[in-house]
Amino acid sequence: MTLYQPFLDHAIAYLKERLPDLQPYPIPEGFESKSAIVGKGSHQNEVLTTSFGYQSSKLRQIRAAHVQGGSSLQVLNFVIFPHLNYDLPFFGGDLVTLPGGHLIALDMQPLFRDDPDYQDKYTKPILPIFESYQQHLTWGGDFPEEASQFFSPAFLWTRPKENEVVETHVFHAFKDYLQAYLDFCDRAEPITNEQRLAEIKEAQLRYLRYRAEKDPARGMFNRFYGSEWTEEYIHGFLFDLERKLEHS
């Protein structure tokens, strides 16, 4: 049962096709692959977490964490962070399957959500994609108020019941969002204005600090692999900008 493997395979193949300057992104030792045995007796199961990282001239870090733990635990967290001299949004894909069902979050997460010019540039063009999926991927309900500042009006948040919906509609939406994001990358020009560069850096750090602090996977990883590994994984790989800046 690897529900999200096709998503990961597609993303990596498509990135290679679209980004001729794609390079590996260094993954700290001990994080490329990690497994644990959970449960007891006949309920015993292996949980395997694998990590993938890439980078390009415009994209600082393209990274994926893929958790496979049997039919009731499947996770793909796929995020793209642009370099700090571009005003590109983040690409965020959180695809989660738990015993209670599927939780799907897809978005191009804006640096400046309430800036009308920024919305015109990065949100309006993808609203038609978002709207085209509303019929099959209905709104997933309550979302933390504090998190809403980090999502765009084209935030696709849904809780489908059937695997088939994930394998078809969610997969198509993932492909469409990723294509639109790389189209934005093609057109992106480096920012040179000092004030704007400072605002971009601050916006990226604000988002990363929030995500690192509130990472919903922290409890799961703590349970499987212990807190020391988990904190290092979150701060040293998943959301590593602060540490990279400290050492630059």
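Refer to the structure above for everything that follows.
Residue numbers here run from 1 along each chain, matching the order of that chain's written sequence. Selection of residues for local features in this predicted model requires a pLDDT of at least 70, selection of side-chain atom pairs for listing and counting requires 80 or more, and totals for whole chains, interfaces and linings are taken over all residues. The basis for the side-chain values is all heavy atoms of the structure; hydrogens and waters are excluded.

Student: Give a detailed account of the overall build of the protein chain, specifying residues and quantitative values.
Tutor: A count of helical and extended segments in the protein chain gives eight helices and eight strands. Since a compact globule built from 248 residues should have a radius of gyration of about 18 Å, the 18 Å found for the protein chain is in line with a globular shape. Structurally, the protein chain occupies a C-alpha span of about 60 × 45 × 35 Å along its principal axes. Relative accessibility decides the category of a residue: with a 1.4 Å probe and only protein chains considered, values under 20% of the type maximum give buried, values over 50% give exposed, and everything between is partly exposed. Looking at the protein chain as a whole, 50% of its 248 residues are labelled buried. Any two residues whose heavy atoms approach within 4.5 Å are treated as being in contact. Pairs at least 24 apart in sequence give 64% of the contacts found in the protein chain among residues at least 6 apart. In the form shown here, the protein chain has an accessible surface area of approximately 12000 Å², with 50% of it arising from carbon and sulfur atoms. Charged residues are defined narrowly, with Lys and Arg counted positive, Asp and Glu counted negative, and His plus the chain ends left uncounted. Taken as the charge location is NZ of Lys, CZ of Arg, CG of Asp or CD of Glu. Where the 24 positive side-chain charges of the protein chain centre and where its 35 negative ones centre are 2 Å apart. Under the DSSP-based scheme used, a helix requires at least four consecutive residues in state H or I and a strand at least two consecutive residues in state E, with every element numbered from the N terminus. What the globule rule says is 2.2 Å times the number of residues to the power 0.38, and the radius of gyration is computed from C-alpha atoms. Calculation of accessible area relied on Shrake-Rupley with a 1.4 Å probe; when residues are assessed, cover is drawn exclusively from the protein chains displayed.

Student: I'd like to hear about the side chain of Gln-61, residue by residue, with values.
Tutor: Mapped onto the elements, Gln-61 comes out in strand 4 (residues 59–68). Excluding residues within four positions of it along the chain, Gln-61 makes contact with Tyr-25, Tyr-54, Val-79, Ile-80, Phe-81, Phe-237, Leu-238 and Asp-240.

Student: Could you give an account of the packing of aromatic side chains, with specific residues and numbers?
Tutor: Pairing of aromatic side chains here covers Phe, Tyr and the six-membered ring of Trp, requires ring centres within 6.5 Å, and sorts the geometry by plane angle: under 30 degrees stacked, over 60 edge-to-face, intermediate tilted. Taken as a whole, this structure holds 26 aromatic pairs when the rule is applied. When the centroid spacing of 5.0 Å and the interplanar angle of 90° are considered together, the rings of Tyr-122 and Phe-184 count as edge-to-face. A residue pair is termed long-range when its members are at least 10 positions apart, and Tyr-122 in helix 2 (residues 116–122) and Phe-184 in helix 4 (residues 163–187) qualify at 62 residues. Here Tyr-122 falls in the buried class, since its relative accessible area comes to 4%. A relative accessible area of 4% means that Phe-184 is categorised as buried. Note on Trp-139 and Phe-155: the rings are 5.9 Å apart at their centroids and 85° apart in plane angle, and the pair reads as edge-to-face. Here Trp-139 is found in the loop between helix 3 (127–132) and strand 8 (156–158), whereas its partner Phe-155 is found in the loop between helix 3 and strand 8, with 16 residues between them in sequence.

Student: Tell me about the environment of Tyr-4, residues and numbers included.
Tutor: On the secondary structure map, Tyr-4 appears in the segment before helix 1 (5–18). Residues Tyr-4 and Val-75, 71 residues apart in the sequence, show an inter-C-alpha distance of 7.2 Å.

Student: Mind laying out the pairing of strand 5 (residues 74–82), listing which residues take part and the relevant values?
Tutor: Among the nine residues that make up strand 5, nine are buried, leaving the element largely enclosed by the rest of the structure. Residue alternation in strand 5 divides its side chains into two sets, Gln-74, Leu-76, Phe-78, Ile-80 and Pro-82 and Val-75, Asn-77, Val-79 and Phe-81, and both sets are buried. Between any two strands, at least two bridges found by DSSP are needed for them to pair. Relative to strand 5, strand 4 runs antiparallel, the two being bridged by nine bridges. The partner of Ala-64 across the bridge, within strand 5, is Phe-78. Here strand 5 runs beside strand 6 (residues 90–98); their pairing, made up of seven bridges, is antiparallel.

Student: Mind laying out the environment of Ser-42, listing which residues take part and the relevant values?
Tutor: When you line up the elements, Ser-42 lands in the loop between strand 2 (33–38) and strand 3 (45–55). Sequence separation between Ser-42 and Tyr-207 is 165 residues; the distance between their C-alpha atoms is 41 Å.

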